[in-house]
Every structure is written in C-alpha cells, then in structure tokens.
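Close look at the chain arrangement
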Amino acid sequence: MVFASLLAGTALAGNDQKRGQVGATELQINPWARSSGMASSNTARIRGVESMNQNIGGLSSIEGTEIMFTSTKWLTGTDININALGIGQQLGENGGVLGLSLMSMDMGNFKQTTENAPDQDINFNVSVINLGLGYSKKFSNSIQGGITVRVINESIPDASATGIAFDGGVQYVTSLGKGELAKDNLHIGVSLRNVGPEMTFSGDGLAYRGIVQNGTVVQALEQRSSSFELPALLNIGLAYDFNMNEESRLTLAGNFVSNTASNDQFQVGAEYAFTEKFMVRAGFDYQKGIFGDSRNFAHNGPTAGATVELPFGADLDKKFALDYSYRSSNPWSGTHSVGIKVGL
C-alpha cells in the first residue's frame, strides 16, 4: 500500500519546467561499471551490490558475501572522480540480504576570492557523499524486493546540507516458452528512488556581520537558504534472456525512467555472456533533445562495457571479477568506470 502511494505521487513526472529546482542530483548518477555499460537499462535483471543504485530488489540474489568497488573518471577532462564501495551480506538461508553502499565525488580544488582579497590564492574542497543501507528478500521463487535508506551530505568548508532519501524496488521473474533453456528468462522490475524531504544549506558561509536596522550594534546575521527537492524518479524495466545453449546467453533489456524535474529517459541495452565468465555489453540512453545542438546534458547516449569473472579458492567456490564501462559524452572525453567484485 505504501509503495503504491509513492508510485501515485510520481505520476506527473517528467516536468521539464522544474529543471534546476531540485538538488542532490548526484543521486541520479550510476557509479557502477556493470550496469552503466548497459546504459542502466537492466532495472529488471540487475543483481548484487550494484542493485542498491537501481533496483534494491536485485540485492537478494547474493549468496554469502559480495564486495564491490568502482572508480569512475566522470566526463574525462573535468577532473571529477567518483568512488563507489558496496558490501552485501546474506543473513541466513531465508533471512534476506543486508547491503551497505558508499558513493563519494572528488571535484578537486577550487579557488576562493573575496572583495577584500581578490588576489589571494585560497583553495577549498567540495564534499559530496551519500551512504545507503538496504535490505532485500526473496518472497517466492518469482518475486523479490527491498528498501534502501540513504543519507546525503553536500558541503564546503563553511556551509553544508544533509538529507535522507528512500528507495524501494521489486523484481518479478517467470518462464516464457518451454524447455530448460526457457526457465526464468523473462524479467520485470519496478523501482522508486530518491523520495524524501527537502534539503537546505546552512552554516557560517551564509552569515555576515551587519548593523541591525535602526540600531548601532554590529551582529552576525544569517541569511536563509531556499530549500530544494530531491530528484525522485521511477524506473520500469523489462528484460529477456535468449539462452542459446548452456554456455551462451544474450539478454536484451529496456527501461523507462520517469523523472520529476527533467526529461524522461528511455534506456535500452544488451549483454552477451559466455559461461557467465566473460561478458560484453552495449546500450543507449535516450532523452528528448539528445540529438539537437541545444543539449543541456553532456552524455549523448551510447554506452559499452565488459566483464571478466573467474572462480578462485580451494573449491573454486569464490569469484573475482574485473568490470569496465564507457559512456560517450560531448563535450569532454567520455566517462570511464573500472571496478572489481569479489564474491565469498
């Protein structure tokens, strides 16, 4: 009932007139290499720790422990780096999976100047961090779902804003066709992300020393900062597995993103896997105006990626994977993500 109410609240999404009226837009960034290589189109089939970013329902697929780390050069040439760390732990055979994720953005040094000292060379840093705690569980052989609570913090040395956001997601899998190769080959996923109260900046950076009106006393006065909404969005995804034989799989996926304060997105992607050890991916992220000369977003659609995942350990029951993805952009030189995954 609660989840249905949240979905109803996003029915008027895609309102481009509200562009620029939301904050914490880093919540819309996919920091993980695997799913970004498919243009984030795999809402219905995403698995493991990176599910906490797109559809928390997929977290429940973890057996044992999973650790992921991804480093991203965001729009190469801007000196912006994104690091993401995630841990998922199975809580018993039927206890679900608990996940923890951390994403931080490093934007380098900024120069500060003032009216009184315009030539001073003072550097300062910007901190953008969000920490998520999620839980997901398999309710049956066909349905799995979960919820994430996320704390967001944005700050400079003398001002900051902190907020909280909630994500919820479900996945449904069924068989379309006959035979062993058609088992669990149709996937449907829905997730609602970044729902929470407004955020507001506060701190000494919004204060100044002035004289109270009709008085002579000098006091520190604080200006009020306008609050801003979070970039809530709704994902609706579909994926289908073409299992050509016991070793080869081709997955086609599509996802519709309904954004509250920007253009809606249509994402499509494909993944080919050989023995689930070698995977290649491609995708396209479309939104209105992406082919025009007046685009107000850098990424221009195409994506690609690959994974090598190999077993290790005495019984070969553990896994180590290396992931890579590329997102095309204009201007700048694209976004590159490199990640590792360890399954214990």
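Residues numbered from 1 in each chain as written. Predicted model: local features only at pLDDT ≥ 70, side-chain atom pairs only at ≥ 80, totals over all residues. Heavy atoms only, no water.

Moving on, we come to the pattern of salt bridges. Under the criterion given, the structure shown has 12 salt bridges. When the shortest N-O distance is used, the salt bridge between Arg34 and Glu309 registers 2.6 Å. Of this pair, Arg34 sits in helix α2 (residues 33–36) while Glu309 sits in strand β14 (residues 299–312), placing them 275 residues apart in sequence. Each member of the pair, Arg34 as well as Glu309, is classed as buried. Between Glu309 and Lys319 there is a salt bridge, with its nearest N and O atoms 3.8 Å apart. Of this pair, Glu309 sits in strand β14 while Lys319 is found in strand β15 (residues 318–329), placing the two residues 10 residues apart along the sequence. Take Lys319: its relative accessible area is 46%, and that puts it in the partly exposed class. (Salt bridge = Lys/Arg side-chain N within 4 Å of Asp/Glu carboxyl O. Helix = DSSP H or I, 4+ residues; strand = E, 2+ residues; numbered from the N terminus. Buried < 20%, exposed > 50% of the residue type's maximum accessible area, 1.4 Å probe, protein only.)

Moving on, we come to the environment of Gln267. Within the element layout of this structure, Gln267 appears in strand β12 (residues 265–274). Taking the relative accessible area as the measure of exposure, Gln267 reaches 5% and is therefore buried. Once the C-alpha coordinates of Gln267 and Asn255 are considered, the two residues, 12 residues apart in sequence, prove to be 5.0 Å apart. One polar contact links Gln267 to Asp285, side chain to side chain, over a distance of 3.4 Å. (Polar contact = N/O pair within 3.5 Å; in protein donor to acceptor, adjacent residues only side chain to side chain.)

Residue placement: Thr260 occurs in the loop between β11 (248–259) and β12. A polar contact is formed between the side chain of Thr260 and the backbone oxygen of Ala232, at a distance of 3.1 Å.

Let us now look at the confidence of the model for the protein chain. On average, residues of the protein chain carry a pLDDT of 90, and 92% of them reach 70 or more. Note on residues 1–13: pLDDT is under 50 here. Beyond four places in sequence and across chains, it has 16 contacts. (pLDDT = per-residue confidence, 0-100. Contact = heavy atoms within 4.5 Å.)

Attention now moves to the packing of aromatic side chains. Under the defined criterion, the tally for this structure stands at six aromatic pairs. Judged by centre distance (5.9 Å) and plane angle (35°), the rings of Phe201 and Phe228 are tilted. With Phe201 in the loop between β7 (186–195) and β8 (207–211) and Phe228 in the loop between β9 (218–222) and β10 (233–243), the pair connects residues that are 27 residues apart, well separated along the chain. Taking the relative accessible area as the measure of exposure, Phe201 reaches 26% and is therefore partly exposed. Residue Phe228 is classed as buried on the basis of its relative accessible area, which comes to 11%. Each ring, one from Phe284 and one from Phe291, has its centre 6.1 Å from the other, and the planes form 25°; the classification is stacked. In textbook terms, an aromatic cluster arises when at least three aromatic residues are bridged by ring pairs, as seen for Phe284, Tyr286 and Phe291. (Phe/Tyr/Trp six-rings, centres within 6.5 Å; stacked < 30°, edge-to-face > 60°.)

Next up on the list: unusual backbone geometry. A negative phi angle characterises most non-glycine residues, just as the trans form characterises most peptide bonds. A cis amide bond links Asn330 with the next residue in sequence, Pro331, at an omega value of 10°. Residue placement: Pro331 occurs in the loop between β15 and β16 (335–343). For Leu75, which is not glycine, the phi dihedral falls at a positive 50°. Tracing the chain through its elements places Leu75 in the loop between β1 (65–74) and β2 (80–90). Relative accessible area serves as the criterion here: at 11%, Leu75 is assigned to the buried category. With phi around 55°, Glu276 is a residue other than glycine that occupies positive phi space. On the basis of relative accessibility, which here comes to 38%, the residue Glu276 falls in the partly exposed class.

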